[in-house]
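# Commentary on secondary and tertiary structure
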Amino acid sequence: MGTADVEAVWRIESARIVAALTRFTGDFGLAEDAAQEAVAEALVSWPLAAPANPAGWLMATARRRAIDAIRRRIALQDRYALLAADLAADSAADENIDPDKIGDDVLALMFVSCHPVLSPEAQVALTLRVVGGLSSEEIARAFLVSVPTVQARITRGKKTIAAAGVPFELPPAAERRERLGGVLSVIYVIFTEGSTATSGDRLLRPDVAYEAIRLARTLAALQPAEPEVHGLLALCELTAARFPARTGPDGSPVLLEDQDRRLWDFSAIRRGLAALAKASTRGLGPYGLQAAIAATHASAPSVEATDWDRIVVLYEALGRVAPSPVVELNRAVAVAMASGPAQALAIVDELIASDRLPGSHLVPTVRGELLARLGRRPEARAELELAARLCANQRERSVLLRKAAALS
């Protein structure tokens, strides 16, 4: 087995291994470190002699590394003896992780990684590392930061969790419902970065987006009674369904009106619609409403045939349950399609007057489009040029400059 095989097994099994180790040792940081040491050992030994049960091998090796670490802690000799005895009695269990425990273990791992004592950046890094199984290098590439920055976030996150005495357990039901929003938010941030990179020379980072979908699927399987979990999964599936048509062969962006909808992933659309149906059982929340908007796009044969009135209504509902300037800006786009650019321009100008999205390239982008449709070409060109200056993604910037040049 080569490096790719080790990485594939780790990506699939990492959350279960780290979760089981954390329950086993009671130490989140120790569990993650021991699991990483097991992977390093696998990279050396597996090419020479592949194990019959790779996941079990990683689990057994990681447990031994954890016990070695505890043994080195002189003050914890009694605990080491207990763990060593447990290892001797249960060595066979390493080959078959308890299926009755693993669901709650992984769910607890998600809640620990997204604990509110951590900064948003640390939550994302820890979730991708310990739940998603990504390396520091992969996380650094995904978010265009340095490897030391990622490593520092992970280290600080583990120290913060230890200092705060965060227990490895599922929060009580009421607290879990409150903190579930944080878990969903972290997965959404990961997906958003994958679906439209904030900076760099690529519009999409599909590997990042698909990792978020994998996390959302895991959470939906562990929390099947939570509508918003299914709503987020639906939103991710329906948005990712358009990835194949969103860029040309050279990676340049393809606007919605120019996309070949035959390239859309209809299997992803079906999965998204099924998840949306589950999300609709008790009324749609913020993620469910966004998924419903994505479903309206996915079911339309063209931009012109899209039910823009329905999208406006959905954005109005979203604005009531989760108000934000971005929601208002998106509502303006839908209003422009449903009722014309003049009414939409009033919404955008109100956003500018209240300074609710300072420094964002999105506002001048939308305003430039609306002014162009109204025939106010010099003003539109100025807005699009401003948007290009504010945009950090090189692919998006090139589209904005091309549109501005066309208005000269």
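Structure's up top.
So, how was this worked out
Residues numbered from 1 in each chain as written. Predicted model: local features only at pLDDT ≥ 70, side-chain atom pairs only at ≥ 80, totals over all residues. Heavy atoms only, no water. Helix = DSSP H or I, 4+ residues; strand = E, 2+ residues; numbered from the N terminus. Rg over C-alpha atoms; globule rule 2.2 N^0.38 Å. Buried < 20%, exposed > 50% of the residue type's maximum accessible area, 1.4 Å probe, protein only. Contact = heavy atoms within 4.5 Å. Axes fitted to C-alpha atoms, helices over the stretch in contact; angles between N-to-C directions. Parallel < 35°, antiparallel > 145°, perpendicular 65-115°, else oblique. Left-handed = near helix turned anticlockwise from the far one by under 90°. Disulfide = S-S within 2.5 Å. Phe/Tyr/Trp six-rings, centres within 6.5 Å; stacked < 30°, edge-to-face > 60°. Lys NZ or Arg CZ within 6 Å of the ring centre and 35° of its normal. Expected span 1.5 Å × (residues − 1). Salt bridge = Lys/Arg side-chain N within 4 Å of Asp/Glu carboxyl O. Core = buried A, V, L, I, M, F, W, Y, C linked by side-chain atoms within 4.5 Å. Polar contact = N/O pair within 3.5 Å; in protein donor to acceptor, adjacent residues only side chain to side chain.

Secondary structure assignment for the chain yields 20 helices and zero strands. Relative to the globule expectation of 22 Å for 408 residues, the C-alpha radius of gyration of the chain, 24 Å, shows essentially globular dimensions. Along the first, second and third principal axes, the C-alpha set of the chain runs to 80 × 40 × 40 Å. The proportion of buried residues among the 408 residues of the chain is 49%. Taking the contacts inside the chain whose residues are at least 6 apart along the sequence as the reference set, 64% of them involve residues at least 24 apart.

Glancing now at the packing of helix α9 (residues 173–195) against helix α10 (residues 206–222). Where α9 contacts α10, the axes come no closer than 6 Å and their chain directions differ by 155 degrees. If you check the angle between α9 and α10, you find them roughly antiparallel. Seen along the crossing, α9 lies across α10 with a hand that is left-handed. Between α9, through Leu180, Val183, Leu184, Ile187, Ile190, Phe191, Gly194 and Ser195, and α10, the contact on the second element is made entirely by Pro206, Val208, Ala209, Ala212, Ile213, Leu215, Ala216 and Leu219.

Per the stated rule, a full pass over the model turns up zero disulfides. Here Cys114 is not cross-linked by a disulfide; its sulfur's nearest cysteine counterpart is in Cys236, at 14 Å. Take Cys114: its relative accessible area is 5%, and that puts it in the buried class.

The subject of this paragraph is the packing of aromatic side chains. Within this structure, the stated rule accounts for four aromatic pairs. Note on Tyr210 and Phe243: the rings are 5.9 Å apart at their centroids and 55 degrees apart in plane angle, and the pair reads as tilted. Note that Tyr210 is positioned in helix α10 and Phe243 in helix α12 (residues 243–246), a separation of 33 residues in sequence. By relative accessible area, Phe243 is classed as buried at 5%. The ring of Trp264 carries the charged tip of Arg242 above its face, separated from the ring centre by 6.0 Å.

Now for helix α18 (residues 362–373). With twelve residues, α18 should cover 16 Å at 1.5 Å per step; its first-to-last C-alpha distance of 17 Å lies within 8% of that length. All buried positions along α18 are accounted for by Val363, Pro364, Thr365, Val366, Arg367, Gly368, Leu370 and Leu371. Each element contacted by the buried residues of α18 is listed here: α16 (325–339), α17 (341–353), α19 (377–390) and α20 (394–406). Trailing α18 by a residue or two, Gly375 shows a phi angle of about 85 degrees, which is positive.

With respect to the helices, strands and loops of the structure, Glu237 is situated in helix α11 (residues 227–240). Other than its neighbours up to four places away in sequence, Glu237 contacts Ile213, Arg217, Ala268, Arg271 and Gly272.

The next point concerns the pattern of salt bridges. Applying the stated criterion across every chain yields a total of 15 salt bridges. Between Lys403 and Glu369 there is a salt bridge, with the nearest N and O atoms lying 2.1 Å from each other. Of this pair, Lys403 sits in helix α20 while Glu369 is found in helix α18, placing the two residues 34 residues apart along the sequence. Each of Glu32, Asp33, Arg129 and Lys158 takes part in one network of salt bridges that share partners.

With the exception of glycine, the majority of residues adopt a negative phi angle, and the majority of peptide bonds are in the trans configuration. Of note in this structure, Asp355 is not a glycine but carries a positive phi near 55 degrees. Tracing the chain through its elements places Asp355 in the loop between α17 and α18. Residue Asp355 is classed as exposed on the basis of its relative accessible area, which comes to 53%.

Attention shifts here to the nonpolar core. Membership of the largest hydrophobic core comes to 87 residues, with the highest contact counts inside it found for Leu21, Leu58, Leu109, Ile187, Ile190, Phe191 and Leu219. Here this core takes ten residues from helix α1 (residues 3–25), the largest share from any one element. Grouped together as the second largest cluster of nonpolar side chains are 35 residues, Ile293, Ile347, Leu351 and Leu407 included.

What follows concerns the environment of Glu228. Considering the arrangement of structural elements, one finds Glu228 in helix α11. Note: C-alpha distance between Glu228 and Leu30 (198 residues apart in sequence) is 32 Å. Look past the residues within four positions of Glu228 in its chain and what remains in contact with it is Leu184, Gly285, Pro286, Tyr287 and Gly288. Reaching out from Glu228, the side chain makes a polar contact with the backbone nitrogen of Gly288 at a distance of 3.0 Å.

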